[in-house]
Amino acid sequence: MKRVFSGVQPTGNIHLGNYLGALKQFVELQEDYQCLYCIVDMHAITVPQDPKELRKHILDVAALYLAVGVDPEKSIVFVQSDVPGHAELGWILTCSSYTGELSRMTQFKSKSKNKESAPTGLFSYPVLMAADILLYDTDVVPVGTDQKQHIELCRDLAIRVNNTKKKTFVVPEGRYLKAGARIMSLDDPSKKMSKSAENIHSRISLLDEPSKIKKSIMKATTDSEGVIRFDVDEKPGISNLLNMYSVLSNKTIDDVVGMYEGKGYGDFKKDLVEITVEALKPIKERFDDIRESEELIKILKSGAERANAISEKTMARVKENFGLGLK
Ligand code: TYM
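So, here is what we can say about the structure in this document. (Residues numbered from 1 in each chain as written. Predicted model: local features only at pLDDT ≥ 70, side-chain atom pairs only at ≥ 80, totals over all residues. Heavy atoms only, no water.)

**Some words on the side chain of serine 75**
At step 1: With respect to the secondary-structure elements, serine 75 resides in the loop between α3 (51-68) and β3 (76-79).
At step 2: Separated by 2.8 Å, the side chains of serine 75 and glutamine 30 make a polar contact.
At step 3: Contacts of serine 75, omitting those with residues within four sequence positions, involve Gln30, Cys35, Tyr37, Val70 and Arg306. (Helix = DSSP H or I, 4+ residues; strand = E, 2+ residues; numbered from the N terminus. Polar contact = N/O pair within 3.5 Å; in protein donor to acceptor, adjacent residues only side chain to side chain. Contact = heavy atoms within 4.5 Å.)

Below is the structure:
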């Protein structure tokens, strides 16, 4: 069976962008692949974290994975720092990467902009991400398009090692959805929806109350033309809302545009509020049950054991091919 790996950082409330770009794919893929879904806490500490908050967010993300429909009977759900191979392979791959290629990563460039010095972890973050993926002989990585450059680096590192040592790694492919792969901020559609933006109305978190969802969508930036059509360059705000509507309702963008011919932004936004609230309601209900259950910790512990067993095989091969340690 082919293998899928993906991860989410426990750095705040998971939002609609994370859900439509990545988590929705997690659920679909578990029927046909062996899936590993990780909570990448070691990526989270590339920026300062409060230890208590980090622990809480780890369990929140784990509970959300299950609440959206990741099935722990089918998929392996675990926390990155519970499997030592991630850090170990991260270092080995660091020694196969170059500062030049890491300096070109747009996420690093934007996070370190105007700073004389940036944290080393932020710089080598994509190498740890490559280690996450390569540790499990992953074939497919479901992510949003903001991760494309990191996936390309992971592929480059895998190919480089395979060419310089014995064939060591499976070269993975990124998997991006057509709609949903890049959901933009509601207050500024030139930026992606993000967990860390200051304005809470820039995003819809999966656990938002209906009143908050309504406020954020009704306030969302549009334009003055008053016509509902899809045009990312000229009408980025409405196009983003159309994208959200299309994925949440399983209708094509053309169908949605047809439904709102001659109607105003107010009617369209009201319906989008309703669709969003309906889609998120069962997730929130399941989340509340799962988050409080003792089962959650058991699932994560057993997930780490299963992940560890797979990773140990890869690490033995890596060490052999690099000449590390004793036989
Ligand atoms: P993170 O935690 O920022 O985001 C988790 C997932 O959500 C996707 N995403 C979006 N998709 C659509 N629209 C958006 N506005 C949006 N914002 C985020 C991301 O593409 C991602 O799929 N580096 C990764 C975590 C990671 C990882 C990995 C992913 C670490 N190791 C190995 C895959 C494989 C990150 O920061 O995701």
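**Side note on a negative patch on the surface**
At step 1: Negative charge collects at one region of the surface, where Asp267, Asp271, Glu274 and Glu278 lie side by side.
At step 2: Among the structural elements, aspartate 271 can be located in helix α12 (residues 265-292). (Patch = residues over 30% accessible without salt bridge, like charges linked within 9 Å, V, L, I, M, F, W, Y side chains within 5 Å. Areas by Shrake-Rupley, 256 points an atom, 1.4 Å probe, with all protein chains shown as cover. Salt bridge = Lys/Arg side-chain N within 4 Å of Asp/Glu carboxyl O. Lys, Arg positive; Asp, Glu negative; His and termini not counted. Charge placed at Lys NZ, Arg CZ, Asp CG, Glu CD.)

**Things to note about the packing of aromatic side chains**
At step 1: Counted by the stated rule, this structure contains 10 aromatic pairs.
At step 2: Residues phenylalanine 26 and tyrosine 37 carry aromatic rings whose centres are separated by 4.2 Å and whose planes lie at 10° to one another, so their mutual orientation is stacked. Residue phenylalanine 26 is located in helix α1 (residues 16-29), and its partner tyrosine 37 is located in strand β2 (residues 34-39); the two are separated by 11 residues in the primary sequence. The same class applies to phenylalanine 26 as to tyrosine 37, namely buried.
At step 3: Pairing tyrosine 37 with tyrosine 65 gives two aromatic rings, centres 6.4 Å apart and planes at 65°, and the pair type is edge-to-face. (Phe/Tyr/Trp six-rings, centres within 6.5 Å; stacked < 30°, edge-to-face > 60°. Buried < 20%, exposed > 50% of the residue type's maximum accessible area, 1.4 Å probe, protein only.)

**Brief notes about the nonpolar core**
At step 1: Counting residues in each nonpolar core, the largest one holds 59 residues, and the members touching the most others are Leu16, Leu23, Ile39, Tyr65, Leu206, Met244 and Phe268.
At step 2: The residues contacting leucine 16, other than those within four sequence positions of it, are Met193, Ile204, Leu206, Met244, Leu248, Thr276 and Leu280.
At step 3: Counting 37 residues, the second-largest nonpolar core is a separate cluster that includes Leu89, Ala131, Cys154 and Met315. (Core = buried A, V, L, I, M, F, W, Y, C linked by side-chain atoms within 4.5 Å.)

**What about the environment of glutamate 152?**
At step 1: In this structure, glutamate 152 sits in helix α8 (residues 148-164).
At step 2: Once the C-alpha coordinates of glutamate 152 and proline 282 are considered, the two residues, 130 residues apart in sequence, prove to be 35 Å apart.

**Looking at the site of the ligand**
At step 1: Every one of the 28 residues lining the ligand counts as a neighbour, but Tyr125, Asp132, Asp146, Ile183 and Lys195 are closest to it.
At step 2: Between the ligand and lysine 195, the relevant distance is 2.8 Å, taken from an oxygen atom to a side-chain nitrogen or oxygen of the residue.
At step 3: Of all elements in the fold, only β1 (3-8), α1 and α7 (120-134) reach the threshold of two or more residues within the shell around the ligand.
At step 4: A per-class count over the shell around the ligand returns 12 nonpolar, 11 polar and 5 charged. (Near = heavy atom within 4 Å. Nonpolar A, V, L, I, M, F, W, Y, C, P; charged D, E, K, R; others polar.)

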